[in-house]
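Listed below are the residues making up each chain.
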Amino acid sequence: MAFVLVATAFNRSATAGTNEDCYNALYIPPHKITKRTFDEIVHYAALTPVNAVVLHVKSPRGKLLWPSENAMAIQLGVEANHSGLEKHVARLKRDNIRTIAKLDVFADHQLAAIMPELSVMDSTSGTPWTDANDLHWANPSDSRVWEYNIALSKELAAMGFDEIQFDYVRFPSDGDLSIISYPNTLPGFSKSDCIASFLAKAHDELNPLGVSVSADVFGLTAWKTDDFGVGQVLEKMAPHLDIICPMFYPSHFPRGFLGKQSPGEFPEMIMESSMRSMMNRTDKPIRPWIQGFWYSPQQIAAQIDGIENASASSWSIWSPTGRYRLSYEAMAARFGVSLSRPTFYPSVADLASEKDRSTRGISAIVNFTSFKMGYSILSLETSEKGKRSRYSSPDAILATLEEGIMDRILTKRAIRFNRDAEPYTKRRFLSELLCNDLGKDARRMRPGPIHIDWAQDCTFSATGIPPARLDKYAQAERWPDEKKLAGMSSSEPINIASISESIFGVSFDPVIHPAASLFSPVMRND
């Protein structure tokens, strides 16, 4: 795919029609809720119709991507310890990107496992029922489960989300349904009334907070008037929703649907027909899910065609991986725009004129870099009494390298990598190189100068370091003690772990000082 530089922004009015609430969203899975992802989205939002994101913040396992203060969440152990979610939401809103929080409601493995009295039960064993994916479900008919999910939604509303989007707002559909028992229900109770009652309560409590309420529904909901076993009936759900989000994935419709043996081969027809069927039954706004997986750009664009043929304009694209290269390609071709690749960080060439720079830990310089000479000297740091160092592992000190330098090293060492990958992925490769070059296990590594000439051979070495370079590093080490600004108390969290960064979008700002100001008053470079 060739990207070319464009000078003009996307003309949104040319595609939005007369609907002032036209939103075109991308689904972002938990592991992609990172600064890099949102840098990319903001870049492409200026070039494509994309103006919203659906952030998956509560998973079918019940895990939350924010540090909830809800008592039940804490009891279940599902709240995040660290999270950049609120920061990301604020950034997206500043860039005029609509923020939609996706919560998986009744598929909640942890809640059902820890509190079986709130779960869908297996009538043969008296234990929580397990679906085809080995997940337990919370009981959709239990008001305590309703209260829990609404309380979580209120926290997200307070965080600044524009919309709460409920998924798995239904009864189970996969697994041995014949052995399911729903405690505290009367025989013959109505599943569809149950789902409608939950949505009514949620809407009544969330709308006054300034957030819209939406729900994902099966694609067949547009075509069936009964609840087909899951409790989703359009006419009962719609009155309590601000937006309906049907999953009209063409490949998921059954063989023979609309007379087609392979419905997935007719994405435009399936989307248009399904939209028209649903629009005939409700006047609520519909924002369908577009299938962004398994499909070519042409098939993705065909679904947008189908939506617009039905006189609608809002849509969301679903890719479970959170990668949207083919979707952007589809949008570029369909809307007649050219795309430029985003630039996430300066290259080595861009950094060549930068002044020498050092990164200080509690009491030691953990990275001294000379951009003009093309080398860095790194060092691990041990914790001091009462203070916990951020820089006690190879991965941590490598995180202080400029990403352009990381690219240079990996390229020189013939390591295959994606330049647009998250920084933690590159650090993983670099950490392995560092340990191999030094012949040491990461867990047995101790503080001491580690030199890498990234302008030349790009090899890590703890011996044979040029004396002049060691002198520069030592000069930085003699920086006055009162300038130790990066210390942390033992109770404070360490936010640089790659797991935290990848799942919760956490990042940290190391204390960086130009060498030219080593002996002058220091200011935090935020």
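Computed from a predicted model, the values in this text were never measured in an experiment. (Residues numbered from 1 in each chain as written. Predicted model: local features only at pLDDT ≥ 70, side-chain atom pairs only at ≥ 80, totals over all residues. Heavy atoms only, no water.)

## Comments concerning helix H4 (residues 85–94)
Phase 1 of the analysis: What H4 keeps buried is the set Leu 85, His 88, Val 89, Arg 91 and Leu 92. Buried residues of H4, seen end-on, are gathered within an arc of 165 degrees and therefore sit on one face of the element. Across from the buried face of H4, at angles greater than 90 degrees, the exposed residues are Glu 86 and Arg 94.
Phase 2 of the analysis: Looking one or two residues beyond H4, the residue adopting positive phi is Asn 96, at roughly 60 degrees. (Buried < 20%, exposed > 50% of the residue type's maximum accessible area, 1.4 Å probe, protein only. Helix = DSSP H or I, 4+ residues; strand = E, 2+ residues; numbered from the N terminus. Arc of directions from axis to C-beta.)

## Digging into the pairing of strand E8 (residues 243–247)
Phase 1 of the analysis: Of all 5 residues in E8, 5 are buried; the element is thus mostly enclosed.
Phase 2 of the analysis: Across the two faces of E8 the burial is the same, with Ile 243, Cys 245 and Met 247 and Ile 244 and Pro 246 all buried.
Phase 3 of the analysis: Here strand E7 (residues 212–218) runs beside E8; their pairing, made up of 5 bridges, is parallel. Within E8, the position partnered with Ser 214 by the bridge is Ile 243. (Pairing = 2+ DSSP bridges.)

## Here we look at the pattern of salt bridges
Phase 1 of the analysis: By the definition in use, this model includes 31 salt bridges.
Phase 2 of the analysis: We note a salt bridge from Glu 329 to Arg 325, for which the minimum N-O separation is 3.8 Å. Here Arg 325 and Glu 329 lie together in helix H11 (residues 325–335), a separation of 4 residues that amounts to about one turn.
Phase 3 of the analysis: Exposure remark for Glu 329: the relative accessible area of 27% places this residue in the partly exposed category.
Phase 4 of the analysis: One network of salt bridges, with partners in common, ties together Arg 36, Glu 403, Asp 407, Arg 419 and Lys 426. (Salt bridge = Lys/Arg side-chain N within 4 Å of Asp/Glu carboxyl O.)

## So, the nonpolar core
Considering soluble globular proteins, one finds that nonpolar side chains tend to be buried as a cluster.
Phase 1 of the analysis: Core analysis: the largest hydrophobic core is formed by 103 residues, its most contacted members being Leu 55, Leu 156, Phe 166 and Phe 198.
Phase 2 of the analysis: Here the element with the most residues in this core is helix H6 (residues 143–159); it accounts for 8 residues.
Phase 3 of the analysis: Apart from residues no more than four positions distant in its own chain, Phe 198 is found in contact with Val 105, Phe 106, Trp 146, Ile 150, Phe 166 and Val 169.
Phase 4 of the analysis: The next biggest cluster of nonpolar side chains, apart from the first, holds 25 residues, and it includes Phe 371, Leu 434, Leu 438 and Met 445. (Core = buried A, V, L, I, M, F, W, Y, C linked by side-chain atoms within 4.5 Å. Contact = heavy atoms within 4.5 Å.)

That's the geometry; what it means functionally is another story.
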